[in-house]
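Secondary and tertiary structure notes
Each chain is listed here by its residues.
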Amino acid sequence: MSIPDANDPIPAGPAAPAPVEVFRARRERLLELAGGAVVLLASNPELFRSRDTEVPYRQNTDFYYLTGVEEPEAFAVLTPHDAAHRFTLFMRPRDPDRERWNGPRIGVEAAMETYGADAVYPIGDVDERAAELIAPADRLLYALGADPALDTRVLEILSRARRARARSGAGPTTLVDLDSLLAEMRKIKDPHEIERMRCAAAIGAAGHRAAMARARPGIGEWELEAILEGTFRSHGAAGPAFASIVGSGENATFLHYTQNDSVVPEDALVLIDAGAEWGMYCSDITRTFPASGRFTAPQRELYELVLQAENAAIEAVRPGVGITAVHDAAVGMLVAGMVRLGILQDVSAEEAIESGSYRRFYMHQTSHWLGLDVHDVGLYRRNGTPITLEPGMVLTIEPGIYISRDSETVPAAYRGIGIRIEDDVLVTDYGREILTRGVPVDPDEVERLVGAG
Ligand code: GLY
Ligand code: MN
């Protein structure tokens, strides 16, 4: 069978750099919201494993969101009061020796055009120049607390800028948290982001289809992981968006099982929770399927229950609805099913919801925001009130049921079964769009796909 679906916008390679206007528009919006404050942003540090081996670099998501820069050792200053330096970058200079080992750098000279910066300086100049740039402003916006080494450096820049205050009468007196402002912006995806998320979703779906098509009893969980992640890479994804979960049999009852080192048993369900990162954006998909290609009767009962809960939650997604209504829809359906199937005994669904006793079998929330980060930024509640869904938000819908082997009060046929179904959903003007249905959820379609090649 052909794995990619011709209707999906499925990329054949890595994402091209986004146009500089995309990032400029975001910086202008942030400066508008910041009301005259200067903004200081820094790249993520490089990380090493196994002594001196580099971990594949991933840019700080806020830094990327506002600059498009994917290199380490970079700083950005946004200064609304200075037209010649509205967007200043500090970058690593070119270095032929280092580049011989680690590949080409953008360097200082090319960065102006590549990123649409007003000025670019070597990173070594940042302490002195950044202090000059921020000196005329009263307020400084910076994400304090993410990296202690960086915090120390920024506080040093701040104190340099203040030294001149006694004579100039200007200089930042207030440090404002950047996170909450940026989280508000990032919560609503712009058209460029939605396009990237569609691609990440299509690649994620292709990986799941490939793994399902090759699944059979006796295959290693690690082999399914390789098929999945090989498919992601073959479409130009940077790799998995998070450690892929491939759990068969009882392993599916552990929420974040990532060992992926068991052989898939006969008659077992396989739960795969994995997504691709493409062009910095993430997908996050879960499918649960029978390795043999046929659900047993109890597996199908539970699968259909989780699918009903997912459909109810997806139906609840529309602008103007509080995010907890989505979770409540899934819980309502799941708990009614748990009572009907005797998984919860001697209680009504209302009582089980009221007491929370169902949480033995469904212990996580139904949704999280999705975007540049898998668990993307953004509040779920403000001052105790659930956040209202708006067009442009992207969230996962991922109900599940997890019955551990030692659940003695549960009918024996259901013990040791874990099922989750997860899709990524965009809130639209009138309702929602499911981004990840390039991989089936209908149990009959799932059965046809498993083992098909
Ligand atoms: N897909 C992993 C998670 O949402 O936590
Ligand atoms: Mn998820």
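Residues numbered from 1 in each chain as written. Chains lettered and ligands numbered in written order. Predicted model: local features only at pLDDT ≥ 70, side-chain atom pairs only at ≥ 80, totals over all residues. Heavy atoms only, no water.

Bringing the site of ligand 1 into the picture now. Contacts to ligand 1 come from F242, H256, D273, D284, H368, H375, E398 and E422. Here a nitrogen atom of ligand 1 and a side-chain polar atom of D273 are 2.9 Å apart. Contact with the protein chains hides 91% of the accessible area of ligand 1, taken as 200 Å² for the molecule alone. The residue makeup of the shell around ligand 1, split by class, is one nonpolar, three polar and four charged. (Near = heavy atom within 4 Å. Polar contact = N/O pair within 3.5 Å; in protein donor to acceptor, adjacent residues only side chain to side chain. Areas by Shrake-Rupley, 256 points an atom, 1.4 Å probe, with all protein chains shown as cover. Nonpolar A, V, L, I, M, F, W, Y, C, P; charged D, E, K, R; others polar.)

Core analysis: the biggest nonpolar cluster contains 73 residues, and L224, L302, M338, I343, I401 and I419 have the highest contact counts within it. For this core, the element with the most residues is helix 11 (residues 297–316), which contributes nine residues. Counting 43 residues, the second largest nonpolar core, distinct from the first, contains F23, A34, I194 and L435. (Core = buried A, V, L, I, M, F, W, Y, C linked by side-chain atoms within 4.5 Å. Buried < 20%, exposed > 50% of the residue type's maximum accessible area, 1.4 Å probe, protein only. Helix = DSSP H or I, 4+ residues; strand = E, 2+ residues; numbered from the N terminus.)

Spatially, three strands are ordered 10-11-14 in an open sheet, and the strand pairing comes out antiparallel. One side of each edge strand has no neighbouring strand; the edge strands of this open sheet are strand 10 (245–248) and strand 14 (285–290). Along the sheet, successive strands turn relative to each other by an average axial angle of 10°, direction set aside. Summarising the sheet, strand 11 (residues 269–274) and strand 14 pair through six bridges and their orientation is antiparallel. Looking across to strand 14, one finds that D273 is bridged to T286. In the packing of helix 10 (residues 221–234) onto the sheet, contacts are made with strand 10 and strand 11, and the angle to strand 10 comes to roughly 150°. (Pairing = 2+ DSSP bridges. Axes fitted to C-alpha atoms, helices over the stretch in contact; angles between N-to-C directions. Contact = heavy atoms within 4.5 Å.)

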